[in-house]
Amino acid sequence: MAAPINDMFSFCVEPSRVCSYVEVRPVDKIKGKGLFAKKIIWKGETIFVERPLVCAQFLWNAKYNYRACEYCLRSLETAEENARRLSGLPSLLLPHPEQCLVQPERHLPCLQCQVVYCSSECRQAALEQYHKVLCMGPSREDPEHPLNKLQEAWRSIHYPPETCSIMLMARMVASVKQARDKGHWLNLFSQFCSRTANEEEEIAHKLLGEKFQGQLVLLRSLFATALYDDNLSRWFTPEGFRSLFSLVGTNGQGIGTSSLSQWVHGCDALELPAQQREQLDAFIDQLYKDIEKETGDFLNCEGSGLYLLQSSCNHSCLPNAEASFPENNFFLHLTALSDIRPGEEICISYLDCCQRERSRHSRLKILRENYLFTCSCPKCATQMDEPDVTSEEEEEDEAEGDVEGDELEDEMTDV
């Protein structure tokens, strides 16, 4: 029987709304639990809004000067500052600056280590949950500090594009270490699947194989030096660390925030005369062309978080719901992509839009390596008789991966 939804999710989601809309139920040994509708949910309706137990900005993303609140990942750059950096045009001026919702006057640093928050509320929340343990004080720039050594090792192992961060694990540890009720936090984290392998189908997580053992041993050693705690000793054993690694790898939800994107959405909603609308749209189109030329596809402040309720959503290659971050921070909005009937399972896609268009064989390969299951959704079922042909895009990726593999030898490049 599933745990009472009020008790389990009250930390992250407004309980009465969750109870009236959805329920968590057991599914099977492979999927574990699933999220099901309790009432009709209409296409376009927000199913719930959830904040993560912990989240963290990707380390390379921060290294490349994407400035985000240390707690909620809200972009700290104004839309104009963001556009200037991404386009390489330092004198660029954005029209309609009132559509930028960033408030630099509210930004505050930690008084000890100078990491920046978007507000006093975020600074206080971080301090109360985990930052007392992770604050490096005046040693923030010291490469010999144990946390800096851990982060540098992660960057040298996990090149962009990132899909996870060692700091997500660090904040899990720090949250437990700081908590008065350590059992409460341990119970919350225990709700996430942390299998390192699917024994029934003989699938192992792709980064827990033999060729990555050296990197995992190094990370575990540095992780323990920086954060060891007797109350969490099992997380620092070889098998416990592998489970923790698998937990963040399979449950981490990507978070993307952008003050520029928020400004564009604001501009799109403006009621303007036809000529002004045409001029504004042309300006925005040219801006994105300039950004693509200068920066490429990496536009957002990016990180990942652990969302307790969202993690109950199973995968489908034809999802009926999707997650988004319209508030430009870590608040996840789950929205219905189609009408969902009472009793119907609410599914999201673990694949991005491009990956969902690949062949069934390619989709299954990604899902098996990263999430340890073989998909049997309606789309995969209807394509069951198709030959196991790899998508052209997948073949190109594999070819690129072979080149990178020759250059980087056995280094990890993805989670």
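Our subject is the structure that appears above.
Note that this is a predicted model, so its numbers are computed, not measured. (Residues numbered from 1 in each chain as written. Predicted model: local features only at pLDDT ≥ 70, side-chain atom pairs only at ≥ 80, totals over all residues. Heavy atoms only, no water.)

## Examining the overall build of the protein chain
Which entries qualify depends on this criterion: In this description a helix means any DSSP run of H or I spanning at least four residues, a strand means any run of E spanning at least two, and both kinds are numbered starting from the N terminus. Three labels apply to residues, based on accessible area from a 1.4 Å probe with only protein chains included: buried if under 20% of the type maximum, exposed if over 50%, partly exposed otherwise in between.
The number of helices and strands found in the protein chain is 16 helices and 14 strands. Within the span of the protein chain, comprising 415 residues, buried residues form 47% of the whole.

## Side note on empty space enclosed by the protein
Spelled out, the test is: For cavity detection a 1 Å grid was placed over the protein atoms alone, and a set of points counts as a cavity when a 1.4 Å probe fits there but cannot get out; an open set counts as a pocket when protein lies on both sides within 12 Å along at least five of seven lines, with lining residues being those that have an atom within 4 Å of a point. Grid points are joined across faces, edges and corners, and a volume is the space filled by probe spheres set on the points. In this classification, Asp, Glu, Lys and Arg are treated as charged, Ala, Val, Leu, Ile, Met, Phe, Trp, Tyr, Cys and Pro as nonpolar, and every other residue, Gly included, as polar.
Applying the stated criterion to the full structure yields one cavity of 30 Å³ or more. Computed from the structure, the largest cavity encloses a volume of approximately 50 Å³. Lining the largest cavity are R51, P52, L53, V54, C55, Y71, Q129, Y130, R171 and F330. Where the lining of the largest cavity is concerned, the elements lending two or more residues are β4 (54–57) and α5 (120–134). Broken down by class, the residue content of the lining of the largest cavity amounts to seven nonpolar, one polar and two charged.

## Quick look at the pairing of strand β1 (residues 22–28)
Along any regular strand, the residues point their side chains to alternate faces of the sheet. How we decide: A pair of strands is labelled paired if DSSP reports no fewer than 2 bridges between them.
Sheet topology places β1 next to strand β2 (residues 32–37); six bridges connect them, and they run antiparallel. The residue bridging P26 from the neighbouring strand is K33, located in β2. Connecting β1 to the next strand, β2, in antiparallel fashion are three residues.

## Considering the layout of surface pockets
If you add up the space inside the second largest pocket, you get close to 950 Å³. Forming the boundary of the second largest pocket are 32 residues, of which L59, A62, V115, R140 and Q151 lie nearest the centre. Broken down by element, the lining of the second largest pocket gets its largest block of residues, five residues, from helix α6 (residues 146–157). Its residues assigned to classes, the lining of the second largest pocket comprises 17 nonpolar, six polar and nine charged.

## Observations regarding the sheet that holds strand β13 (residues 332–336)
Heads up, the condition is: Every angle, taken between N-to-C directions, lies between 0 and 180 degrees, and every axis is a line fitted to C-alpha atoms, over only the stretch in contact when it is a helix.
Strand order across the open sheet formed by three strands is β3-β13-β12, with antiparallel pairing between neighbours. Lying at the two open borders of the sheet, with one neighbouring strand each, are β3 (46–50) and β12 (321–324). Averaged over all pairs of adjacent strands, the angle between strand axes in this sheet comes to 20°, irrespective of strand direction. Bridging between β12 and β13 involves four bridges; their strand directions are antiparallel. Within the sheet, the bridge partner assigned to A321 lies in β13 and is A336.

## Comments concerning α5
To keep things clear, this is the line we draw: In this scheme, a helix's expected span is set at 1.5 Å multiplied by one less than its residue total. One axis is fitted to the seven residues ending at the residue and one to the seven starting there. The bend at that residue is the angle between these axes. Residue contacts follow a heavy-atom distance rule, with two residues in contact if any of their heavy atoms lie within 4.5 Å.
Relative to the 21 Å expected for 15 residues at 1.5 Å per residue, α5 spans just 18 Å between its end C-alpha atoms, considerably shorter than the ideal helical length. At E128, α5 is deflected by roughly 70°, the largest bend along its length. Looking only at α5, the buried set comprises C122, A126, Q129, Y130, H131 and L134. The elements touched by buried residues of α5 are β4, β6 (116–117), α6, α7 (166–178), α8 (182–190) and α9 (213–227).

## Digging into the side chain of E50
Note the following rule: In this tally Asp and Glu are treated as negative and Lys and Arg as positive; neither His nor the chain ends contributes. The rule for a salt bridge is simple: a side-chain nitrogen of Lys or Arg has to be within 4 Å of a carboxyl oxygen of Asp or Glu.
Take E50: it is sitting in strand β3. R51 is the oppositely charged side chain nearest to the buried, salt-bridge-free E50, at an N-O distance of 9.2 Å. Those residues in contact with E50 that sit more than four places away from it in its chain are C12, V13, Y307, L308, L309, Q310, F330, F331 and L332.

## Some details on the pattern of salt bridges
Counted under the stated rule, the structure contains 11 salt bridges. Between R277 and D281 there is a salt bridge whose closest N-O contact spans 3.2 Å. Linking R277 with D281, this pair stays in helix α12 (residues 274–294), spanning four residues, or about one helical turn. The class for R277 is buried, based on a relative accessible area of 18%.

## Remarks on the nonpolar core
Nonpolar side chains tend toward joint burial in soluble globular proteins. The condition that has to hold: Throughout, nonpolar core names a set of buried Ala, Val, Leu, Ile, Met, Phe, Trp, Tyr and Cys residues whose side chains join them through atoms within 4.5 Å.
Core analysis: the biggest nonpolar cluster contains 79 residues, and I47, F189, F223, W235 and I346 have the highest contact counts within it. Among the elements that make up this core, the one with the highest residue count is α7 (nine residues). Beyond its immediate stretch of four places on either side in the chain, I346 contacts V22, L35, F36, A37, I41, I47, C313, N314, N320, A321, L334 and I340. Counting residues in hydrophobic clusters, the runner-up holds 18 residues, among them L86, W263, L287 and I291.

## Some words on the packing of α7 against helix α10 (residues 238–251)
The condition that has to hold: Orientation categories follow fixed angle ranges, with anything under 35 degrees roughly parallel, anything over 145 roughly antiparallel, 65 to 115 roughly perpendicular, and all other angles oblique. For a crossing to be left-handed, the near helix must be turned anticlockwise from the far one by less than a right angle; the clockwise case is right-handed.
Contact geometry for α7 and α10: axes closest at 10 Å, N-to-C directions at 115°. Relative to α10, the element α7 is oriented roughly perpendicular. Here α7 runs over α10; the crossing is right-handed. On α10, the residues touching I166, L168, M169 and M172 of α7 are F241, L244, F245, L247 and V248. Its residues assigned to classes, the contact of α7 with α10 comprises nine nonpolar, no polar and no charged.

## Side note on the packing of aromatic side chains
Selection rule: Stacked, edge-to-face and tilted labels apply to pairs of Phe, Tyr and Trp rings (six-membered ring for Trp) whose centres lie within 6.5 Å, assigned for plane angles under 30 degrees, over 60, and everything in between, in that order. Two limits define a charge over a ring: the Lys NZ or Arg CZ must be within 6 Å of the ring centre, and within 35 degrees of the ring normal.
Under the defined criterion, the tally for this structure stands at 12 aromatic pairs. Taken together, the aromatic side chains of W154, F223, Y228, F236, F241 and F245 make up a single cluster linked through ring pairs. It is R25 that lies over the ring of F36; its NZ or CZ is 4.0 Å from the centre. Over the ring of Y66 we find R85; its NZ or CZ atom is 4.3 Å from the centre of that ring.

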